[in-house]
Amino acid sequence: MKVIILEPKEDFEVPVEAEVIKPDEFAGLTIDEIESLKVHEGNTERELGELFDVEGETADDPEDIEIRIAGDVPNVKYIGHAMTAGRIVIEGDAGMHTGAEMEGGELIVKGDADSWVGREMKGGKLIVEGDAGDYVGSTYRGEWRGTKGGTIIVKGDAGNEIGEWMADGEIIIEGSVGKMAGIHMQGGRIIVKGDADLWAGAEMEGGEIIIMGRAEDVLPGFKYEGVTEVDGVPGTYHMFVGDHACGPDVEGKLYLNSALNPRP
Amino acid sequence: MAKEMLIKNACVYDPLNDVEGEIMDIGIKDGKIVDPSEVDESKAKVIDAEGRLTMAGGVDIHAHVAGPKVNVGRIFRPEDSRRFAVAAKKLGHRAGSGFSVPSTTITGYMYAQMGYTTVMEAATPPLLTRHTHEEIRDTPILDEGAYTLMANNWILYEYIKEGELEKAAAYAAWLLRATKGFVIKMVNPGGTEAWGWGENVHSLDDPVPHFEITPAEIYENYVKINEMLGLPHSIHIHPNLLGEPGNYELTLETWDVIKNAGVEPDPQLGEREQLAHNTHVQFHAYGGDSWPTFESMAEEIAKYLNKNDHMTIDLGAVTLDETTTMTADGPLEWELHELTGFKWANYDVELETGSGVVPFIYSPKNPVHSVQWAIGLEIALLTENPWQVVISTDHPNAGPFFRYPRIMAWLMSEEYRNQWIERVHPWVGQRAVIGSIDREYDWNDIAISTRAAPAKMLGLEDRIGHLGEGAYAHVAIYDIKPDEVDPSRDYAEVEKAFEQAWLVVKDGEIVVQEGTVVNEPVGRTYWVDVKVPEDLLEEVKKDLETKFRRYYSVNMGNYEVQDVYLPREERIEIDARDRLS
């Protein structure tokens, strides 16, 4: 794998939109050509090379490319947007919409990631080693067709409304999550190793949410089905089916660790 | 900016003046069409059209482009907004976004790009009409008018029930003035009011809750009111049971009620022949009694139109896109929400009307949607008299307006239609007749159904929809030469040409050049100012004061849309004093 290193020249005060930072765009280009790719800093069009020092070796196939961002880029959005192959490693914090609409390959954030990480993901693997903001693996504003595949792992905590309208794929949060994890969820699986704030699974109609820690509150639209085990996860769980606020035929499953959560 | 312009060697289709494909010159002076000999060539801007297809500016008789429910669509569909976005100075001066519910600026740009210069906003709730005019003002280039929703109005219902038709007419005139409206618009008469109680009406004899007046009575009296006042346009109707399998019978019954109301078209402006215009007729032409038995009844609809001249229609043709439905037909939107599970917005407008908004995905794989697609085109092709038919998508309900060029190309080419029949669900071969129709529209038919006919139906044929002397200088020139192109075969070229006009002139000013907006003048707002006898109006106002005090959330003095909302009004003055005394 050939490595291309992007080193930010400054801490960007104005948000930068850089959906070109992905192996699919870099493939087949020389370093000079990569430097002249267009990004937006606020409303100003700039060249990537004006904002980053670019060095390394290029390749023709995106599968053979690893992009390494050497520093914190909390104000750079859309890194790895719709990437299909190869690898991106952000060695610090990442901005909003990192890995949004990702289809394949691997994206690793060594620091924290801002909101919307892995939004509308279709495939691939996304790892955040620090904390993530809101809407991890969720869908776009107003949209009801959400994440369709892939895996997101957050080693720290995540914010509110993760996996919103998720249809398939897997989200694993090793820390705790905010309110309404898996809201409107249709399919796929969310595992929270820590605690969940209010109303996990609000208006979910399918899929599974597994809370290995404590859950703050369960909505009245969930029906208690007893204690059970869950495939691939240790422990025993209170199982709920819901959210019946969405009708009688919902199939969403909410599991709460029975050792830490009271029987309803 | 030259005040004079001479367009040379235009291949003109101007059906209102019986011009069919003649190569001729068009003179323009002070924003109007003049005889070319009156133009001083040395001072004028001279354009050589080199035999390109030339028509009057297009006229859209029915589109939802401005007002509160359109904006609800924009607000609650950010995911529609991201499907299409235009940066500032890319298309026109300003930026905009939205695929099925585009923002006002790009709505103006995209219509102008297609050579359309007049677009009528299909439904404005009276109480909220300021918003409609604010958006009309914010829409560049286009001349517009707003259709005032009246068919679920308590005050009109009560006057009609008491048999006080003259008061009803005077109130309708007052309401047109208060809203600066252009048309008496009727949406699901009785049904939207019933929806306030969670109900609907299911036949022409189904009484409206609490008012005990039936849809049949509503139609009969509204058509009378319209002709008593002598409005330029007829009543503009969206019948009951839109979108329900088997509704074609009710549609035809409705047309019969109008026919038998005992009135003749009597406009004080223009020479329209219709008593009513049935909009988006595709949605009202369904057979079967459930979705599994759903079928096209386009033949029955067309057969009726071929035998009767008191009705005109626009298509509401389905374009098989993901779009947004929006209508004052509140109960219908609830049903769509139940059918699709998609998000739903609902609004009740006090004593007047209601509305709903729901996204919709018309899919070529879906059997019902495919048949709906066929129905719109079938009605256009089976109705013999093109003067009764206007091309529309009921934007954005059946599809976005920028698909008009594709509809034109479908109508002009059997081969193109057949190509799509291959792509859609096989039900189209079994439940529709489109595959057996070989009629193809010619350039003249297109000119009729996109400008001449709608202008005449609106009563505005003295000023728009044609290129005769005295008409507003709205000219669309398309980059296609009728003598070199066979639309039946070259449909792709036709579609492309209609999408991006080569040159569009609005009021004598070039607004679009080779597909790009180069000028953004403020458009007109048409509205109808009807004079009624003073004493009658005073009586009505007295009644209204009670109604406002008792039921409305606003004072009567704050109700009327002030002139300042119409930066370029075109007031159509009608005197109905003799007719109502």
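Residues numbered from 1 in each chain as written. Chains lettered and ligands numbered in written order. Predicted model: local features only at pLDDT ≥ 70, side-chain atom pairs only at ≥ 80, totals over all residues.

### Observations concerning the packing of helix α9 (residues 248-259) of chain B against helix α10 (residues 298-307) of chain B
Residue and element names in this part refer to chain B.
No. 1: Running from N to C, α9 and α10 cross one another at 10°; their axes reach a closest spacing of 10 Å. Looking at the two axes, α9 sits roughly parallel to α10. Packed against α9, whose contacting residues are Tyr248, Thr251, Leu252 and Trp255, the element α10 presents Glu300, Ile301 and Tyr304 at the interface.
No. 2: Residue classes in the contact of α9 with α10 are distributed as 5 nonpolar, 1 polar and 1 charged. (Axes fitted to C-alpha atoms, helices over the stretch in contact; angles between N-to-C directions. Helix = DSSP H or I, 4+ residues; strand = E, 2+ residues; numbered from the N terminus. Parallel < 35°, antiparallel > 145°, perpendicular 65-115°, else oblique. Contact = placed C-beta atoms within 7 Å. Nonpolar A, V, L, I, M, F, W, Y, C, P; charged D, E, K, R; others polar.)

### With respect to the nonpolar core
Residue and element names in this part refer to chain B.
No. 1: One finds Ala172, Leu229, Ile379 and Met408 to be the most contacted residues of the largest nonpolar core, which totals 182 residues.
No. 2: Looking at which element gives the most residues to this core, the answer is helix α12 (residues 367-382), with 10 residues.
No. 3: When neighbours within four sequence positions are excluded, Leu229 is seen to be in contact with Ala169, Ala172, Ala173, Val530, Ile574 and Ala576. (Core = buried A, V, L, I, M, F, W, Y, C linked by C-beta atoms within 7 Å. Buried ≥ 20, exposed ≤ 12 C-beta atoms within 10 Å, placed from the backbone.)

### Concerning the pairing of strand β1 (residues 4-14) of chain B
Residues and elements named next belong to chain B.
No. 1: Counted residue by residue, β1 has 8 buried out of 11 residues, so it is predominantly covered.
No. 2: Where β1 and strand β2 (residues 19-29) come together, 9 bridges link them in antiparallel fashion. Pairing of Val12 across the sheet is with Glu22, part of β2.
No. 3: The antiparallel pairing of β1 with β2 creates a hairpin that spans 4 residues between the two strands, and Asp18 there sits at a positive phi of about 55°.
No. 4: Two strands pair when backbone bridges link them, and β1 and strand β4 (residues 45-48) are joined in this way by 4 bridges, in the parallel orientation. Bridge pairing in β4 places Lys8 opposite Asp48.
No. 5: Here β1 pairs with strand β5 (residues 53-56) via 2 bridges, running parallel. Across the sheet, the residue bridging to Val12 is Thr54, located in β5. (Pairing = 2+ DSSP bridges.)

### Brief notes about the confidence of the model for chain B
No. 1: Chain-level statistics for chain B give a pLDDT mean of 97 and a share of 100% at 70 or above.
No. 2: What the predictor reports for the complex is a pTM of 0.94 with an ipTM of 0.88. (pLDDT = per-residue confidence, 0-100.)

### Some thoughts on the sheet that holds strand β4 (residues 44-47) of chain A
Residues and elements named next belong to chain A.
No. 1: Within the open sheet, the 4 strands sit side by side as β4-β3-β2-β7. Their pairing is mixed. Of all strands in the sheet, those with a lone pairing partner are β4 and β7 (76-77), marking the two edges.
No. 2: With 2 bridges connecting them, strand β2 (residues 16-17) and β7 associate as parallel partners. When the sheet's bridge partners are listed, Glu17 is paired in β7 with Lys77.

### A few points about the interface of chain A and chain B
No. 1: Facing 5 residues of chain A, the contacting portion of chain B comprises 6 residues.
No. 2: Partitioned by chemical class, the residues of the side of chain A that touches chain B number 2 nonpolar, 1 polar and 2 charged.

### Considerations on the pairing of strand β6 (residues 65-69) of chain A
Residue and element names in this part refer to chain A.
No. 1: Residues Ile65, Ile67 and Ile69 line the buried face of β6, whereas the alternating positions Glu66 and Arg68 sit on a face that is not buried.
No. 2: Pairing between strand β1 (residues 2-8) and β6: 5 bridges, direction parallel. Note on β6: the bridge partner recorded for Ile5 is Arg68.
No. 3: With 4 bridges connecting them, β6 and strand β8 (residues 87-90) associate as parallel partners. When the sheet's bridge partners are listed, Ile67 is paired in β8 with Ile88.

### So, the environment of Ile190 of chain A
No. 1: Summarising the element assignment, Ile190 of chain A is placed in strand β13 (residues 189-192).
No. 2: If near-sequence neighbours (up to four positions away) are discounted, Ile190 of chain A is found in contact with Ile162, Gly163, Ile171, Ala181, Gly182 and Ile209 of chain A.

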